[in-house]
Structure formats: C-alpha cells, structure tokens
Amino acid sequence: MIELKTPREIDKMAVTGRFVAEVLAELAELARPGVNLLDLEQRARRRVKERGAESCYWDYSPSFGRGPFRNVICLSVNDAVLHGMPYKYTLRDGDVLSLDFAVSIDGWVADSARTVIVGTPREEDVRLVESTRTALDAGIAAAVPGAKLGDVSAAIGAVAAAHGYPVNVQFGGHGLGRTMHEDPHVPNVGRPGRGLVLRPGLTLALEPWWSAVSNEIFTDPDGWTLRFSDGSRGAHSEHTIAITEDGARVLTRAE
Ligand code: MG
Ligand code: MG
C-alpha cells in the first residue's frame, strides 16, 4: 500500500532528513586514512542517542540479512557496496567508502547515502562516484507530479548506460515514511512512461548504486555486506525526496 503524506508530514520527514544529512556530512569529513570504521559507527551512535532519534538499522532483521543488525550505519568499503556491516578496519589512502544512514525522529524516517574517496582519489573511482550522484540528480529531476515511476528509473539507468556501467536490479530505491521500506520499489533501470503515476505526497528514497564493471553481488560471510563478485569497486548515492506540486523536494540535503 502506498501512503501519501500531507505537507505537514513531509515537513516532519524533512526534520529527520536534515539530521541524517548533518551526520553523514560529519562522518564523511571524519573518513580519513587511519580512521577505523568502528570509530565512525561510534560517532553515529552517539549522534543518534543525543538527538533522541531511533536507528532504522539497529535490530533490523530483513530476509536479505543475517539479523538482527547491531549497528546504526552501513559502511561499505571498495568492493562492498550495500549493507556494509562496520567492522574493525582502518581506512587506507584511496579507499572508496559508502555511508548509508537512516533514522526515525518523532515517528518519521529519512534515509540517505553518500560515497566518499578516502585520501588520494583514483580517477576511475571519481568517475564512478560522480556517476551515481549524477544519476541521483537525474532521478530527482524526473520526479515531478504526473510523471511515472518508470521515468525516474529510466533517468537513473540512462546515466549508468551512458558510462557503460551494468546495473543490478535486486536492490533499488523504495517508498518510506513511517518505516524505512515501504511501497513502491524503485528500480535503477526502467522504461519511461510506465508504472505508478507520481502524485504530491509520495515520498521516495532514490538510490543509484553500481560498479564500473560488474552487476553481480554476493553476501559476505558476515551475513550482511554485499560485495561485487569480481572485486570491482562500488558507489552509492541516496536521497529521500517528496513529490510536491512544485516538483521533487529533497529532504536529506544539509542546507
Ligand atoms: Mg539507505
Ligand atoms: Mg534506502
């Protein structure tokens, strides 16, 4: 079932979104060579507690993970791309780190992810990370009232296709609001003009992710972290948006 949100409810999601954006920006800034992933998890945990927010990840037990998850952020390094379980790993120069963070404040959820390059970037990694950001922007631009969900998916997928990057369709964007994962599913490839009509009040998390080479993933022995089968590096960008009369409103931008 898809629940449209009132403007007031969207404003509440934006409060959560602002916090999610602030924490992600803070952690991205901290992510330097020599910093341990567990330090980032601890910082995120402290911020969640101080804010009185509720982590959407803690105790999460979906079918695709070996639950319950006992962390408040997903940190995916290099060939890991989604659902990365923080562990005792010290970041190295050139690492590609995806941070994915979702919390609920006063009952309203926001979900966002960003990928940063730690220390000295490789040119191909910069291109990869930028492609997911560009795809996210393209998806947001396509998310206008009256458009179809397929238009958003197609806009995201077109950016990957332009780079020759293959897209995995097992995981994509999703509706959200009172909980982290609601209908509809938003694949990262699609056909324009198809699917659900976007109406004001619809709230979505758009989240392009891919590697430059492979779309095959496997689950790490930790039971959560998804890695590319060929070891290629991945990137992931995500925003929570609301469809409004004036177009998409991005709720997880730190402004
Ligand atoms: Mg997320
Ligand atoms: Mg998400």
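The structure contained in this document is the topic of the report that follows. What you see is a predicted model, and the numbers here were worked out from it, not measured in a lab.

Details of the nonpolar core
Piece 1. One finds L40, L91, L97 and F101 to be the most contacted residues of the largest nonpolar core, which totals 27 residues.
Piece 2. Of all the secondary structure elements, the ones that give two or more residues to this core are α1 (7–30), α2 (37–51), β2 (74–77), β4 (96–105) and β5 (108–117).
Piece 3. Looking at this core, the element that brings in the most residues is α1, giving six residues.
Piece 4. Discounting residues that sit within four places of it in the chain, L97 has contacts with A31, L37, L40, L75, S76, V77, L91, R114, T115, V116 and V118.
Piece 5. With 26 residues, the next largest nonpolar core counts V129, L149, L202 and L206 among its residues.

Re the coordination of the magnesium ion (ligand 2)
Piece 1. Bound to the magnesium ion (ligand 2) are the protein donor atoms D111 (OD), H174 (NE2), E207 (OE) and E238 (OE), situated 2.1 to 2.2 Å from the metal.
Piece 2. Here the donor residues for the magnesium ion (ligand 2) map to a single chain with the spacing D-x62-H-x32-E-x30-E.
Piece 3. The two metals, the magnesium ion (ligand 2) and the magnesium ion (ligand 1), are separated by 3.2 Å and share D111 as a common coordinating residue. Of this pair, E207 sits in the loop between β8 (203–206) and β9 (209–211) while E238 is found in the loop between β12 (234–236) and β13 (239–244), placing the two residues 31 residues apart along the sequence.

A few points about the coordination of the magnesium ion (ligand 1)
Piece 1. D100 (OD), D100 (OD), D111 (OD) and E238 (OE) make up the full set of protein donors to the magnesium ion (ligand 1), lying at 2.0 to 2.7 Å.
Piece 2. Each donor residue of the magnesium ion (ligand 1) belongs to the same chain, with the gaps between them written as D-x10-D-x126-E.

Some points on the pairing of β8
Piece 1. Of the two faces of β8, both are covered, the one formed by T203 and A205 as well as the one formed by L204 and L206.
Piece 2. Bridge count between strand β6 (residues 173–175) and β8: two bridges; the pairing is antiparallel. Its bridge partner being in β8, H174 is matched across the sheet by A205.

A closer look at the sheet that holds strand β10 (residues 217–219)
Piece 1. Strand order in the open sheet formed by three strands is β3-β11-β10, with antiparallel pairing between adjacent strands. Bordering the open sheet on either side are β3 (80–82) and β10, each of which pairs with just one other strand. Geometrically, the sheet is characterised by an average inter-axis angle of 45° between neighbouring strands, direction not taken into account.
Piece 2. Direction of pairing for β3 relative to strand β11 (residues 226–228): antiparallel, over a ladder of two bridges. In the strand pairing of β11, A80 is matched with R227.

Notes on the pairing of β13
Piece 1. In terms of burial, β13 is largely enclosed, as five of its six residues are buried.
Piece 2. Summarising the sheet, β8 and β13 pair through four bridges and their orientation is antiparallel. By the bridge assignment, L206 is partnered in β13 with H239.
Piece 3. Strand direction decides the pairing type here: β13 and strand β14 (residues 247–250), joined by four bridges, are antiparallel.

Parameters and conventions
Residues numbered from 1 in each chain as written. Chains lettered and ligands numbered in written order. Predicted model: local features only at pLDDT ≥ 70, side-chain atom pairs only at ≥ 80, totals over all residues. Heavy atoms only, no water. Core = buried A, V, L, I, M, F, W, Y, C linked by side-chain atoms within 4.5 Å. Buried < 20%, exposed > 50% of the residue type's maximum accessible area, 1.4 Å probe, protein only. Helix = DSSP H or I, 4+ residues; strand = E, 2+ residues; numbered from the N terminus. Contact = heavy atoms within 4.5 Å. Donors = N, O, S within 2.8 Å, 3.2 Å for Na, K, Ca; no water. Pairing = 2+ DSSP bridges. Axes fitted to C-alpha atoms, helices over the stretch in contact; angles between N-to-C directions.

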